[in-house]
Amino acid sequence: MINKNRLIKLTQKVISINSENPPGNELELSRFIEKDMRSLGLQVRTYTYAKNRPNIVATLRGTLPRKRASKEALLITPHFDTVPIGKGWKFKPLGGEVRNGKIYGRGATDDKGNLASCMEVMRSLVEDRVSLKKDVIMAATADEETGSKYGIIPLLDRKVLKPRLALVMDSDDFDTIIAQKGLFHSRIQIFGKQAHGAYNWRGINAIEIAARIINRLKKIKWNYKKHPLLHGPTMNIGVIKGGDKVNMVCDFCEFALDTRFSVGMDPKEIYKKIEEVVQGEAKKYKIITDDLQLPYEIDRKHPYVQTYVKTAQKMRCQASIKGSEGATVITFFKKHKIPAFATGYGAHGTAHTNDEYAVVNSLYRGTKVLEQFIKEYDLL
């Protein structure tokens, strides 16, 4: 049985353990998760792909023959790193204070509330001696906030995780995420020529070239099919660096470009369009790809999706089917042909903000929905 007070205390505990990324050191929190899951008698293994950054995989074994129970496993996967705390908080960012039905702290919504929800579900299933036919795997992962290259990606690529279904626990207000934009992070480097600022015609100003490129990039007309759950493609200039001194012609400028693209768009075509713009303004340049995630979509009528939505609705929780403009890890399951969708019980609009919080009742009700969905999935 899901215990509300225990869930609150568990959420407070995981909030209290700093796991900011960057810099990326999830060791202390991973040890807590590991110890807690081992206390249930589960099969618990750690997988580490970078120093001090373990991933925890806990398995509640089903009663079917071992091979089949594993093949038909359900994976529930939260991440336990957070974005940096930052400044300007009214509440203690690692305090986990409960005020007016809300629990405050960095990660309360993204993603430690959902982590606590998954851990409480595993404990409840064990304590109630629920007999499930199929394996239930909880994979608590590191490094989600900076690309997952030390988290869910190697766990999948090395076939540590091979579930029948993946439920990514990284969403808000019971939203059921079935579609997600692609992500292309790149850095554009422009090379110019130094000169004295008073004789600027003798140099080639990389900052001015970069400014022209940025203006042209923002005017690109994309060919894409409108999606019912997603906005069109977007571009954001997140970082720009260049110049040494006001009276020098800048010979190097770099800017970081965040491109989000729609389902059905080809990343090769996106790169080509970007390069055409850069070539039109710069003689010497370099385009560096930092991250590429493909768009993802699962049919809203997929039986696993429908089972989750109906389970939530039966328990008087509105699990709205939505798309995500941002990036969750559901996209990484596509490569391995594993159906996946995302849900979660955080508070909309609070992730990555000062005084981040989750609503206690949403976490509690969501945790009960998650447990019931696991039972419903076991019958499929």
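As a reminder, the structure under discussion sits directly above these lines.
Residues numbered from 1 in each chain as written. Predicted model: local features only at pLDDT ≥ 70, side-chain atom pairs only at ≥ 80, totals over all residues. Heavy atoms only, no water.

Explain the sheet that holds strand 4 (residues 98–99) here, please?
Sheets are built from strands paired through backbone hydrogen bonds, the pairs being either parallel or antiparallel. With antiparallel pairing, the three strands of this open sheet are ordered in space as 4-5-16. The open sheet has two free edges, formed respectively by strand 4 and strand 16 (357–359), since each of these has just one partner strand. In the sheet, strand 5 (residues 102–104) pairs with strand 16 via three bridges, with the strands oriented antiparallel. By the bridge assignment for strand 16, Lys 102 is matched with Val 359. Against the sheet, helix 1 (residues 4–16) contacts strand 4 and strand 5, and its axis sits at roughly 20 degrees relative to strand 5. Packing against the sheet, helix 10 (residues 360–377) makes contact with strand 4, strand 5 and strand 16, and its axis sits at approximately 60 degrees to strand 16. (Pairing = 2+ DSSP bridges. Helix = DSSP H or I, 4+ residues; strand = E, 2+ residues; numbered from the N terminus. Contact = heavy atoms within 4.5 Å. Axes fitted to C-alpha atoms, helices over the stretch in contact; angles between N-to-C directions.)

Help me understand the side chain of Asp 110, please; the structure alone is not making it clear to me.
The topology assignment puts Asp 110 in helix 4 (residues 108–127). One buried charged residue, Asp 110, remains without a salt bridge, the closest side chain of opposite sign being Arg 106 at 7.8 Å. Engagement of the side chain of Asp 110 in a polar contact is seen with the side chain of His 79, the distance being 3.0 Å. (Buried < 20%, exposed > 50% of the residue type's maximum accessible area, 1.4 Å probe, protein only. Lys, Arg positive; Asp, Glu negative; His and termini not counted. Salt bridge = Lys/Arg side-chain N within 4 Å of Asp/Glu carboxyl O. Polar contact = N/O pair within 3.5 Å; in protein donor to acceptor, adjacent residues only side chain to side chain.)

Is there a simple way to think about helix 10 in this case?
Note: α-helices contain 3.6 residues per turn, so residues at a spacing of three or four share the same orientation. Under the 1.5 Å per step criterion, the end-to-end length of helix 10 is 26 Å for 18 residues, consistent within 8% with the ideal 26 Å. Buried within helix 10 we find Val 360, Ser 362, Leu 363, Tyr 364, Gly 366, Thr 367, Val 369, Leu 370, Glu 371, Phe 373, Ile 374 and Tyr 377. (Expected span 1.5 Å × (residues − 1).)

Where do I start with the sheet that holds strand 9 (residues 182–191) in this structure?
Taken in spatial order, the four strands line up as 10-11-9-12 in an open sheet, and their pairing is antiparallel. This sheet does not close on itself; its edge strands, each paired only once, are strand 10 (234–242) and strand 12 (285–293). For this sheet, the mean angle separating the axes of adjacent strands, direction not counted, is 15 degrees. Sheet analysis places strand 10 next to strand 11 (residues 252–261), joined by eight bridges and oriented antiparallel. Across the sheet, the residue bridging to Ile 237 is Leu 257, located in strand 11. Docked against the sheet, helix 6 (residues 206–217) engages strand 9, strand 10 and strand 11, running at close to 15 degrees with respect to strand 11. Along the sheet face, helix 7 (residues 267–281) touches strand 9, strand 10, strand 11 and strand 12 and points at about 155 degrees away from the line of strand 12.

I'm lost on the packing of aromatic side chains in this one. Help?
A ring pair, where both rings are aromatic, is described by two values, the distance of the centres and the angle of the planes. Evaluation of the coordinates by the stated rule reveals 11 aromatic pairs. Aromatic side chains Phe 174 and Tyr 345 sit 5.0 Å apart centroid to centroid with 55 degrees between the ring planes, which places their arrangement in the tilted category. Highlighted residues: Phe 174 in the loop between strand 7 (165–169) and strand 8 (176–180) and Tyr 345 in the loop between strand 15 (340–343) and strand 16, separated in sequence by 171 residues. Taking relative accessible area as the criterion, Phe 174 reaches 5% and is therefore assigned buried. By way of ring pairs, the aromatic residues Tyr 304, Tyr 308, Phe 341, Phe 373 and Tyr 377 are connected into one cluster. We note Lys 134 situated over the ring of Tyr 377; from NZ or CZ to the ring centre the distance is 4.6 Å. Residue placement shows Arg 202 over the ring face of Tyr 199; its charged tip is 4.3 Å from the ring centre. (Phe/Tyr/Trp six-rings, centres within 6.5 Å; stacked < 30°, edge-to-face > 60°. Lys NZ or Arg CZ within 6 Å of the ring centre and 35° of its normal.)

In this structure, what is going on with the pairing of strand 6 (residues 136–140)? I would like to understand it.
Remember that side chains alternate between the two faces of the sheet whenever the strand is regular. Extensive coverage of strand 6 is indicated by the burial of five of its five residues. Both strand 2 (residues 54–60) and strand 6 contribute to a ladder of five bridges, which runs antiparallel. When the sheet's bridge partners are listed, Leu 60 is paired in strand 6 with Val 136. In this sheet, strand 6 lies alongside strand 3 (residues 74–77) in parallel orientation, the contact comprising three bridges.

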